[in-house]
Amino acid sequence: MEEFRRTYSRLCKESGAEPQETVLQQMHQLPQGRLDLATQSLTVDTCRALGKLLQKEALLTELILSDCMLSEEGAVLLLQGLCVNTIVRFLDLKGNNLRASGAEALAKLLRQNKSIQSLTLEWNSLGTWEEAFAAFCGALAANGALRQLDLRNNQITHKGAEELALALKSNTSLQQLDLRWNHIGLLGGRALVNCLPSNRTLWKLELAGNSIPGDILRAVEQAMDHNQDRQTAFRESQARAHVLSKEVRHLREEKSKQFLDLMETIDRQREEMVRSSKASAARVGQLQEALNERHSIINALKAKLQMAEAALALSEQKAQDLGELLATAEQEQRSLAQRQAKEHRLEQQEAAERESKLLRDLSAASEKNLLLQNQVDELERKVKSQQDQLFLTRQELTSTAAELKMRAVQAEERLELEKKRSRQSLEDAEHLRFKEVEHMTRHLEESERAMQERVQRLEAARLSLEEELSRAKAAALSERSQAEEELIKAKNQVRLEEQQHLAHLEEKLRLLAQARDEAQSACLQQKQVVADAQARASQFGRQVESLRRRLEELQQELSNKDQEKVAEVTRVRLELQEQNGRLQAELTAQEALKEKAAALERQLKVIASDHREALLDRESENASLREKLRLKQAEIARIRDEEAQRASFLQNAVLAYVQGSPLRTLSPQK
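Owing to the predicted nature of the structure, the values given are computational and were not obtained by experimental measurement. (Residues numbered from 1 in each chain as written. Predicted model: local features only at pLDDT ≥ 70, side-chain atom pairs only at ≥ 80, totals over all residues. Heavy atoms only, no water.)

## Thoughts on the overall build of the protein chain
For clarity, the threshold we go by: The secondary structure listing takes helices from DSSP runs of H or I that are at least 4 residues long and strands from runs of E that are at least 2 residues long, numbered from the N terminus. Only C-alpha atoms enter the radius of gyration; for comparison, a globular chain is expected to reach 2.2 Å times N to the power 0.38, where N is the number of residues. Throughout this description, buried means an accessible area under 20% of the type-specific maximum (1.4 Å probe, protein chains only), exposed means over 50%, and partly exposed covers the range between. In this analysis, two residues are considered to be in contact whenever any of their non-hydrogen atoms come within 4.5 Å of each other. For the area figures, the Shrake-Rupley method with a 1.4 Å probe applies, and any residue is considered shielded solely by the protein chains shown.
When you go through the protein chain residue by residue, the secondary structure sums to 14 helices and seven strands. Here the C-alpha radius of gyration of the protein chain, 61 Å, is well above what a compact globule of 670 residues would show, namely 26 Å. Considering only C-alpha atoms, the protein chain reaches an extent of 205 × 140 × 45 Å along its principal axes. When the 670 residues of the protein chain are sorted by exposure, 27% land in the buried category. A fraction of 81% describes how many contacts in the protein chain between residues 6 or more apart in sequence connect residues 24 or more apart. Only carbon and sulfur atoms are counted for the fraction: they give 53% of the accessible area of the protein chain, which is about 45500 Å².

The following block contains the structure:
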């Protein structure tokens, strides 16, 4: 709704008008998909902006503009914007006193808009303008999307009711119509009752407060009940038809699956039969070759026998001598014939055994066919299980990827936290060190300035002391030289200790400045101050050294932590790389499974296409058989008609013969 408010403000500014604050507030408070501007006085500029906005708005489904005191121009602008809208389903224009131009704009809306299903026009004045209301009714007759129409308190007369009746005869979508509290009267009620038999969609019509007789109202209620029953029956029939279509589709799928299975088994059996027939043909060919070899041997033996007979014919003179040889040869020939007969019988037995063996092989091939079919079923089940496993592995892959991402994010967060902590600790240490150094430098600068002032004072004191000591004794001279030496030493020590803390030197130097007369005591005090300064300088040096060691320890700890973090990050990266490797291996395996599944799907598609072709052939055969059956039935019906005509002709002839016979004249009358 925020985008809606911005667009509305922009359109208002483009037209040179300011957006209404009340409208903006209502837009800010409205839920998604619903714009409620009820009881808001909308100006013409606001209506123009809303009309332009509704032409492009794709989120609003409900638009409530009841009691908005719309002017004729504003209502026309709003309805023009709604003419091209395809999203709004509910429109409420209650209590806007719409007149002729509003009715014409509504007629245009009903002719062009195909999305509004509920239209509320209560408390308007559409019925007072007959021509505009007639145009509205004509548009209602052509509308095919409106389901609910509220026309209460619109001053509709019997002429308007007649126009509505004409519209209801042509309308095929309106289901609820509310015409209460108008001026329809008896004539309008009759017109509405007369139009109801031709309308089958309207199941609710409210006519209270229209001065319509009770019998007409009862007729309207009966018609509405009839339409409602018809609607319920139509919905039930649609539901049943949907259920039946689902069942028919399921049965067709089952039959197609069964037919596919049957065709597959038939194809397998045919292939096995072809293989077995090929094997048997090859075996028969081998047996035929062996038989041909036997025949060649027999022919060779016959040739030898002929040669022996020729030799016997040529050696007739030696027949006596060779008689015994001939007998032996005959015996050999008989034994050979017997042997050949035995061999022939053995070959026949072997052929019978081979035939039985082939039959057994054929039965074993059929059993193998059944086993192969079972194996195919098992393979299909395995394919399904592999598909399920593939789906599970995909899910595991997504879950592991999400876990890895979470772990990587957590490791990065821990790394960032450790880095922040280390940086914070370093910054704190650097800040403390900087503060200490700054404090020490400030103290050193202050002490240096103080020492310079004191040195100047001491030099002045030294000059005065020298003047006094020059007039003193020789002992004073020696003491003054010692004091000068001590002062020189103090200057050197002060210059060396410029960068150290010497706070207590001020008090000692003040004591020296005050005790000008007591040079020896001042020198002793200066020695003590120098010793204290040295001790403090050494103490400050030790403190600085301890701070440096602490800083080095912190840096060492930070480097150790960085090394630990780097090691942790490298370990996590290695784990991630290992997991990625495993996942890539699983992905390759899954891709192989996908390729196998795709190959199986292609095979299934080929089988399905073959099955479709076979089904089409079977359907064409069934259609031809049905046509033949229809022709046969027509011929049987024709033959039955001819037989019935013949029987009727024969009956009539028999009756005529009986009536015209002399026996009838001699018989007594009953």
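## Looking at a positive patch on the surface
To be explicit about the condition: The patch calculation keeps residues exceeding 30% relative accessible area without a salt bridge and links them within 9 Å when they carry like charges or within 5 Å when they are nonpolar (Val, Leu, Ile, Met, Phe, Trp, Tyr). Between Lys or Arg on one side and Asp or Glu on the other, a salt bridge is scored when a side-chain nitrogen of the former is within 4 Å of a carboxyl oxygen of the latter. In this count, Lys and Arg are taken as positive residues and Asp and Glu as negative ones, while His and the chain termini are left out. Every charge is mapped onto a representative atom, which is NZ of Lys, CZ of Arg, CG of Asp or CD of Glu.
On the surface, a cluster of positive charge is made up of Lys246, Arg249, Arg252 and Lys255. Among the secondary structure elements, Lys255 is positioned in helix 9 (residues 214-314). Judged by its relative accessible area of 60%, Lys255 falls in the exposed class.

## Details of the packing of helix 1 (residues 2-14) against helix 3 (residues 44-56)
Convention followed: For helices, the fitted axis covers only the stretch in contact; all axes are lines through C-alpha atoms, and the angles between them, taken along N-to-C directions, range from 0 to 180 degrees. Relative orientations are named as follows: roughly parallel for angles under 35 degrees, roughly antiparallel for angles over 145 degrees, roughly perpendicular for angles from 65 to 115 degrees, and oblique for any other angle. Helix crossings get a hand from a simple test, with the near helix turned counterclockwise from the far one by less than a right angle marking a left-handed crossing and a clockwise turn marking a right-handed one. Charged residues are taken to be Asp, Glu, Lys and Arg, nonpolar residues to be Ala, Val, Leu, Ile, Met, Phe, Trp, Tyr, Cys and Pro, and polar residues to be all remaining types, Gly included.
Look at helix 1 against helix 3: their axes get within 9 Å of each other, and the N-to-C directions meet at 125 degrees. Accordingly, the angle class assigned to the pair helix 1 and helix 3 is oblique. In this structure, the crossing between helix 1 and helix 3 has a hand that is right-handed. Every residue of helix 3 that contacts helix 1 at Phe4, Thr7, Tyr8, Leu11 and Cys12 is listed here: Thr46, Ala49, Leu50, Lys52 and Leu53. By residue class, the composition of the contact of helix 1 with helix 3 is seven nonpolar, two polar and one charged.

## Looking at the layout of surface pockets
This is how it is decided: Within this scheme a cavity is a closed region of a 1 Å grid, computed over the protein atoms alone, that accommodates a 1.4 Å probe without allowing it to escape, whereas a pocket is open but has protein on both sides within 12 Å along at least five of seven lines; lining residues each have an atom within 4 Å of a point. Grid points are joined across faces, edges and corners, and a volume is the space filled by probe spheres set on the points.
In this structure, the largest pocket encloses a volume near 1000 Å³. If you trace the largest pocket, you find 28 residues lining it, with Glu264, Glu380, Leu600, Leu604 and Ile607 closest to the centre.

## Some thoughts on a nonpolar patch on the surface
The grouping of Leu650, Val654, Tyr657 and Val658 at the surface amounts to a nonpolar patch, some 430 Å² of accessible area in total. Relative to the helices and strands, Leu650 is located in helix 13 (residues 519-660).

## Examining the sheet that holds strand 5 (residues 148-150)
What counts here: Two strands are counted as paired when DSSP detects at least two bridges linking them.
Spatial strand order, 1-2-3-4-5-6-7: seven strands in an open sheet with parallel pairing. The sheet terminates laterally at strand 1 (34-36) and strand 7 (204-206), the two strands that pair on one side only. Here the strands of the sheet are splayed against their neighbours by 0 degrees on average, with no regard to which way each runs. Pairing of strand 2 (residues 62-64) with strand 3 (residues 90-92) involves three bridges; the strand directions are parallel. Of the residues in strand 3, the one forming a bridge with Glu62 is Phe90.

## Observations concerning the pattern of salt bridges
Evaluation of the coordinates by the stated rule reveals 18 salt bridges. Two residues, Arg34 and Asp36, come together in a salt bridge whose shortest N-O distance is 3.9 Å. Across the salt bridge formed by Asp150 and Arg152, the nearest N and O atoms sit 2.7 Å from each other. Judged by its relative accessible area of 9%, Asp150 is buried. A single salt-bridge network, built from bridges that share partners, covers Glu122, Asp150, Arg152, Asp178 and Arg180.

## Let's talk about the side chain of Thr120
Relative to the helices and strands, Thr120 is located in strand 4 (residues 118-120). Residue classification places Thr120 among the buried residues on the basis of a relative accessible area of 12%. Once residues within four sequence positions are removed from consideration, Thr120 is found in contact with Phe90, Leu91, Asp92, Leu93, Lys94 and Asp150.

## Concerning the environment of Glu271
Looking at where Glu271 falls in the secondary structure, it is placed in helix 9. Taking the C-alpha atoms as reference, Glu271 lies 9.7 Å from Asn369; in sequence the two are 98 residues apart.

## A short note on unusual backbone geometry
The phi angle of most residues is negative, glycine excepted, and most peptide bonds adopt the trans form. Residues other than glycine seldom take positive phi values, yet Met69 does so here, at roughly 55 degrees. Relative to the elements of secondary structure, Met69 occurs in the loop between strand 2 and helix 4 (72-83). Backbone geometry places Asn97, a non-glycine residue, at a positive phi of 55 degrees. With respect to the helices, strands and loops of the structure, Asn97 is situated in the loop between strand 3 and helix 5 (100-112).

## Some thoughts on a negative patch on the surface
A surface patch of negative charge is lined by Asp267, Asp610, Glu613, Asp617 and Glu621. Tracing the chain through its elements places Asp267 in helix 9. Taking relative accessible area as the criterion, Asp267 reaches 34% and is therefore assigned partly exposed.

## Things to note about helix 3
Each α-helix winds once per 3.6 residues, and so residues spaced three or four apart point in a common direction. Our working definition: For a helix, the expected span equals 1.5 Å multiplied by the residue count minus one.
Compared with an ideal rise of 1.5 Å per residue, which puts 13 residues at 18 Å, helix 3 spans 19 Å between its outermost C-alpha atoms and is within 8% of the ideal. Residues of helix 3 that are buried: Thr46, Cys47, Ala49, Leu50, Gly51, Leu53 and Leu54.

## Let's talk about the nonpolar core
Nonpolar side chains in soluble globular proteins generally cluster together in the buried interior. Quick note on the threshold: Grouping buried Ala, Val, Leu, Ile, Met, Phe, Trp, Tyr and Cys residues that are joined through side-chain atoms within 4.5 Å yields what is termed a nonpolar core.
In terms of nonpolar packing, the biggest core is built from 71 residues, with Leu121, Leu149, Leu151 and Leu179 touching the most fellow members. Sort the elements by how many residues they give to this core and helix 6 (residues 130-142) lands first, with seven residues. Filtering out sequence-adjacent residues up to four positions away, Leu179 remains in contact with Leu151, Ile156, Leu164, Ile184, Leu192, Leu205, Glu206, Leu207 and Asn210.

## Topic: the packing of helix 8 (residues 185-195) against helix 9
At their nearest, the axes of helix 8 and helix 9 sit 10 Å apart, and the two run at 25 degrees to each other. In terms of axis orientation, helix 8 runs roughly parallel to helix 9. Where helix 8 crosses over helix 9, the handedness of that crossing is left-handed. Contact with helix 8, carried on its side by Leu186, Gly189, Arg190 and Val193, involves Ile216, Ala219 and Val220 of helix 9 and no other residues of that element. Its residues placed into classes, the contact of helix 8 with helix 9 shows five nonpolar, one polar and one charged.

## Describing the environment of Leu174
By the element assignment, Leu174 lies in the loop between helix 7 (158-170) and strand 6 (176-178). Once the C-alpha coordinates of Leu174 and Ser620 are considered, the two residues, 446 residues apart in sequence, prove to be 46 Å apart. Residues contacting Leu174, with those up to four places away along its chain left out, are Leu146, Arg147, Gln148, Leu149, Leu168, Thr201 and Leu202.

## Some remarks on the confidence of the model for the protein chain
Detailed reading of the predicted coordinates is not advisable wherever pLDDT is low. Defined as follows: One confidence number per residue, pLDDT, is output by the predictor and ranges from 0 to 100.
Residues at a pLDDT of 70 or more form 91% of the protein chain, whose mean pLDDT is 82. Overall, residues 663-670 carries pLDDT values under 50, and its contacts beyond four positions in sequence, including any with other chains, amount to two contacts.

## Overview of the state of the cysteines
Working definition of a disulfide: a covalent bond connecting the sulfur atoms of two cysteines. Using the following cut-off: Disulfide: a pair of cysteine sulfur atoms within 2.5 Å of each other.
Considering all chains together, one arrives at zero disulfides under this definition. Summary of cysteine pairing: Cys47 is not part of a disulfide, and the nearest cysteine sulfur, belonging to Cys68, is at 8.1 Å. Here Cys47 falls in the buried class, since its relative accessible area comes to 1%. Of all cysteine sulfurs, the one in Cys47 lies closest to Cys83, which takes part in no disulfide; the gap is 15 Å. Exposure remark for Cys83: the relative accessible area of 6% places this residue in the buried category.

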